[in-house]
Amino acid sequence: MAIGDTYNNQNQSLALPKVNILTMFRLGLFQMGLSMMSILTLGVLNRVMIQEIAIPATLVALVLALPSFVAPTRILFGQMSDSKPLLGYHRTAYVWVGAGIFAIAAFLAVQVMWQLNAANIGDKWTWTTQTIGWTAVLGLVFAVYGLAICASGTAFAALLVDISEEDNRSQVVGIVWSMLMVGIIVGAIISSSLLQQLTTDAPIETLQAAINRLFLIVPGIVFCLAIIATIGVEKKYSRFFNRSNMGNREDSITLSGAWKILTASPQTGLFFTFLLVMTISLFMQDPILEPYAGQVFNMPLAESTKLNVFYGTGILISYGITGFFIVPRLGKRKTIKLGCILVAFAALLLGFSGFSANPSVLKSTLVLFGLATGFVTTAAVSLMLDLTIAEAAGTFIGAWGLAQSISRGIATVIGGTVLDVGRRLLPDNLVLAYGLVFALEAAGMLVSIWFLNRVNVTEFQTNTKQALASVLESDLD
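Rules used in this analysis
Residues numbered from 1 in each chain as written. Predicted model: local features only at pLDDT ≥ 70, side-chain atom pairs only at ≥ 80, totals over all residues. Heavy atoms only, no water. Axes fitted to C-alpha atoms, helices over the stretch in contact; angles between N-to-C directions. Helix = DSSP H or I, 4+ residues; strand = E, 2+ residues; numbered from the N terminus. Parallel < 35°, antiparallel > 145°, perpendicular 65-115°, else oblique. Left-handed = near helix turned anticlockwise from the far one by under 90°. Salt bridge = Lys/Arg side-chain N within 4 Å of Asp/Glu carboxyl O. Patch = residues over 30% accessible without salt bridge, like charges linked within 9 Å, V, L, I, M, F, W, Y side chains within 5 Å. Areas by Shrake-Rupley, 256 points an atom, 1.4 Å probe, with all protein chains shown as cover. Buried < 20%, exposed > 50% of the residue type's maximum accessible area, 1.4 Å probe, protein only. Core = buried A, V, L, I, M, F, W, Y, C linked by side-chain atoms within 4.5 Å. Contact = heavy atoms within 4.5 Å. Nonpolar A, V, L, I, M, F, W, Y, C, P; charged D, E, K, R; others polar.

Draft legend 1. Structural context of the packing of helix H5 (residues 92–119) against helix H6 (residues 129–163). At a minimum axis distance of 8 Å, the contact between H5 and H6 shows a crossing angle of 165°. The angle between the axes of H5 and H6 places the two elements in the roughly antiparallel class. Like other packed secondary-structure pairs, H5 and H6 cross with a definite hand, here left-handed.

What follows is the structure in structure tokens.
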């Protein structure tokens, strides 16, 4: 009997229940927590460091991008969760331990930020021994934060592969990623309410007390959400968990074997590149959106943080519609192309909205940008899970997560750097300086379509399954 047939027979004999809608929403609580953490770092800290503390945007972007640049560890964490159970679980314990570490690291990062502010003498940024030292410490803390996100996020995404089938995968993605957007909205509302008393000229002491309180409350909530989201799910629904507890395991794949499977098909590299280009283009505005609102639209900190409510509302609406109605009708590939075009159009509108200096125009445009983002991400994640085999789910999810994380880090750096270049070239026109970022973002979305056109799912599955069988047979010899 072929090894692939053995797996199929095992999965069928287990007769595991299909994950229900309520469990999908519960799993979404983890994504909700991750997006709340994202609001804290990219929605609050970027504004505080660039505008209130006056740290150069390029430096801020580099520090905030460090969690993404440690993303190569996603492949390692994914392979570990495939082959090395932690506390008796392949996925759940990695999610919990990672969540605890990134919650603590987020609070520590804020404390280091205040030390960096105290070390900088004067109104303008100056490089001294102290500022260099505290910048290095801040970078280290953000790197640890990123490692924890890699461990927990990779294991969680692999869990989604373990509990889903091709026929319900778009629904799982639609619901779970919808909760991610709920997190953006909830995180923005919580952040805005806790920072409501702050004015644009609030003293640093008042600002520090409010930010500290925010970074104490929200990470604690996020850790609790990670526990609630995943407790009991792996044991009840995971094909991987139940198969790996069946006495004679056939799926013990070494790191070298996992790498052989991962690189078996050229399609892996093509899809990796597509994810890289698309995600860079999609998130280039992340480090500059709140400063854009403050400097061009004169919005206070609490109000600019609340912008994520409008962005998240658009994505939330789009996720529900796309996962249940658009993808089943148009297909994943056509939906992604439509989403890329819509994102490019919305990015240009974000740039043009600056000429109005009207916050209402900016908020309306962000809703459109969110709708477009939901189109492309729902379909792309569904296609990503199709380009993943269950026997090495953690490894493949680690690779796709690497593409997404690295690209978000690159996007953050590009956004901050292009803004600094724009302000240097156009010192008297902030709208055009910020507009350079949005224009580059639109161009990148169109380029990503070219890479998507070259991706072939059937070829990927054929090559990868052959490599899997070869690796398993060699391990059993």
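Draft legend 2. Focus on the pattern of salt bridges. This model, assessed by the stated rule, comprises 2 salt bridges. A salt bridge links Lys-363 to Glu-303; the shortest N-O distance between them is 3.4 Å. Of the two residues, Lys-363 sits in helix H17 (residues 359–386) while Glu-303 sits in helix H14 (residues 301–305), which places them 60 residues apart along the sequence. Between Asp-420 and Arg-423 there is a salt bridge; the shortest N-O distance is 2.9 Å. Placement of the pair is Asp-420 and Arg-423 together in helix H18 (residues 393–425), with a separation of 3 residues, close to one helical turn.

Draft legend 3. Expanded view of a nonpolar patch on the surface. Residues Leu-348, Phe-352, Phe-355, Val-421, Leu-425, Leu-426, Leu-432 and Leu-436 make up a contiguous nonpolar surface patch of roughly 750 Å² in combined accessible area. Mapped by element, the contributors of at least two residues to the nonpolar patch are helix H16 (332–353), H18 and helix H19 (430–452). Mapping Leu-348 onto the fold places it in helix H16. By relative accessible area, Leu-348 is classed as partly exposed at 39%.

Draft legend 4. Representation of the environment of Leu-301. Topologically, Leu-301 is positioned in helix H14. Sequence separation between Leu-301 and Ser-192 is 109 residues, and the spatial gap between their C-alpha atoms is 8.0 Å.

Draft legend 5. Region of the structure containing the nonpolar core. Residues Val-48, Phe-102, Ile-211, Ile-336 and Leu-362 are the most contacted members of the largest nonpolar core, which totals 131 residues. If you tally residues by element for this core, the top one is helix H2 (residues 21–52), at 15 residues. Setting aside chain neighbours within four positions, we find Phe-102 in contact with Leu-34, Met-37, Tyr-145, Ala-148, Ile-149, Ser-152 and Val-222. Of all hydrophobic cores here, the second largest spans 5 residues; its members include Val-70, Phe-77, Cys-150 and Ala-151.

Draft legend 6. Structural view of the packing of H5 against helix H8 (residues 204–230). Two numbers describe how H5 lies on H8: the axes approach to 9 Å, and their chain directions differ by 175°. Considering their axes alone, H5 and H8 lie roughly antiparallel with respect to each other. Of the residues belonging to the contact of H5 with H8, the class tally is 19 nonpolar, 7 polar and no charged.

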